[in-house]
Amino acid sequence: MAGTRSRLRLKELESYLQDVETFNKPKMLLEQYATTPHIAACVLHTIDTNYDDIHNKNVVDLGCGCGVLGIGAKMLGAGHVLGIDIDEDALDVCHRNVEDMELDIDFIQMDVTKISEYVTHDLASSDTQSHGQASSETSHSSSVAGFIKEKSFDTVVMNPPFGTKKNQGLDMKFVKAGLYLAKTAVYSFHKTSTRAHIEKKAKDYHVHMEVLAELRFNLENTYKCHKQKSVDVEVDFIRFSFK
């Protein structure tokens, strides 16, 4: 698909997203579940039509996985789109997807939960080097400061790990990273059972939280430890915005 498309109809967007390649061997520790084309299209279309937070906006997809949210945002006419993920294999899939679809999207391999630390380190290194001193630190694989700064994106989208079991609290670390980067809003998926906890955290962060939709994620038997063929998980689609 050459170029970018803006103001696609919902069904058109979902149809394009059906062609996005997903995980071949998802990693349990990273809670890698692909966002379905239907859910991705619905939430992105809502963000675009109800809040005008995609068209001509700079968008970052945190924990981008195979890139479906960032790809959908670009198809809806986003300006600059960046995907960030810690997993090199997932980013390989992202690169194949955007190449096949002829879309201009950037990707960085990085731990989302440490974004503010990377930015601070990059800026400190730049300041040191500007005074003629060589940095003793090994530089990050990409110059983070060149891509990312505090409040450097209009909109953040993400389907983070739910933060259960071994990853407890990881979902809110993603939200904090999103709020660090966003000028306007962060859109994210969270288990409905954690809503009260997330509401409390939103108050602590001094941001407004709005549940835009109550969804059901049908998680197929992806990992060997799963006993059931599939599990329906109740999920909130949430908008965090600054008061």
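Shown above is the structure to which this text applies.
Everything in this summary refers to the structure shown in the same document. Since we're looking at a predicted model, the values are computed, not measured.

Another point: the environment of D111. Looking at the secondary structure, you find D111 in the loop between β3 (106-109) and α5 (115-130). For the pair formed by D111 and I84, sequence separation is 27 residues and the distance between their alpha carbons is 8.0 Å. The contacts of D111, once residues within four sequence positions are left out, are I86 and Y118.

What follows concerns the nonpolar core. Judged by nonpolar contacts, the single largest core of 37 residues is most densely connected at L13, L17, L44, L69, I71, M75 and F189. Those elements giving two or more residues to this core turn out to be α1 (10-17), α2 (37-51), α3 (68-75), α4 (88-101), β5 (182-191) and β7 (230-242). A total of six residues in this core trace back to one element, the largest contributor, which is α2. With sequence-adjacent residues up to four places away left out, I71 is seen in contact with L17, V20, C66, N97, V98, M101, L103 and I105. Counting residues in hydrophobic clusters, the runner-up holds 29 residues, among them L62, L170, Y180 and L181.

The next subject is the pattern of salt bridges. Proximity of charged atoms lets side chains of opposite charge pair with each other. All told, the structure shown has eight salt bridges when counted by the stated rule. For the salt bridge of E12 with R9, the shortest nitrogen-to-oxygen distance reads 3.6 Å. A relative accessible area of 32% means that E12 is categorised as partly exposed. One salt bridge connects E234 with R216, and the closest N-O pair in it is separated by 3.2 Å. Linking E234 in strand β7 with R216 in strand β6 (residues 207-220), this pair joins segments that are 18 residues apart in sequence. A residue is classified by how much of its surface remains accessible, and E234, at 43% relative accessible area, is partly exposed. Each of R195, E214 and D236 takes part in a single network of salt bridges with overlapping partners.

Further remarks concern the packing of aromatic side chains. For the structure on display, the rule yields five aromatic pairs. Between the aromatic rings of F162 and F217, the centroid separation amounts to 6.3 Å while the plane-to-plane angle is 45°, which identifies the pairing as tilted. In this pair, F162 sits in the loop between β4 (153-158) and α7 (170-181) while F217 sits in strand β6, placing the two residues 55 residues apart along the sequence. Owing to a relative accessible area of 7%, F217 belongs among the buried residues under this scheme.

What follows concerns the pairing of β3. Where strand β2 (residues 81-85) meets β3, four bridges bridge the pair, whose relative direction is parallel. Each residue of the ladder has a partner; that of D85, found in β3, is Q109. Between the parallel elements β2 and β3, the chain passes through α4 in a crossover that is right-handed.

What follows covers the pairing of β2. Remember that side chains alternate between the two faces of the sheet whenever the strand is regular. Within β2, five of the five residues are buried, leaving the element largely enclosed by the surrounding structure. The alternating pattern of β2 places V81, G83 and D85 and L82 and I84 on opposite faces, both of which are buried. As judged from the four bridges shared by strand β1 (residues 59-62) and β2, these two strands associate in the parallel manner. From the neighbouring strand, V60 faces β2, where its bridge partner is L82. As a crossover connection, the stretch from β1 through α3 into β2 is right-handed.

Another aspect to go through is the packing of α1 against α2. Closest axis-to-axis distance for the α1/α2 pair is 8 Å, and the angle between their directions is 140°. On the basis of the axis angle, α1 is oblique to α2. Like other packed secondary-structure pairs, α1 and α2 cross with a definite hand, here right-handed. Seen from α1, the contacting residues are L10, L13, E14 and L17; seen from α2, they are P37, H38, A40, A41, C42, L44 and H45. The residue inventory of the contact of α1 with α2, partitioned by class, reads eight nonpolar, two polar and one charged.

What counts and how
- Residues numbered from 1 in each chain as written.
- Predicted model: local features only at pLDDT ≥ 70, side-chain atom pairs only at ≥ 80, totals over all residues.
- Heavy atoms only, no water.
- Helix = DSSP H or I, 4+ residues; strand = E, 2+ residues; numbered from the N terminus.
- Contact = heavy atoms within 4.5 Å.
- Core = buried A, V, L, I, M, F, W, Y, C linked by side-chain atoms within 4.5 Å.
- Buried < 20%, exposed > 50% of the residue type's maximum accessible area, 1.4 Å probe, protein only.
- Salt bridge = Lys/Arg side-chain N within 4 Å of Asp/Glu carboxyl O.
- Phe/Tyr/Trp six-rings, centres within 6.5 Å; stacked < 30°, edge-to-face > 60°.
- Pairing = 2+ DSSP bridges.
- Right-handed = clockwise from strand over helix to strand, strands pointing away.
- Axes fitted to C-alpha atoms, helices over the stretch in contact; angles between N-to-C directions.
- Parallel < 35°, antiparallel > 145°, perpendicular 65-115°, else oblique.
- Left-handed = near helix turned anticlockwise from the far one by under 90°.
- Nonpolar A, V, L, I, M, F, W, Y, C, P; charged D, E, K, R; others polar.

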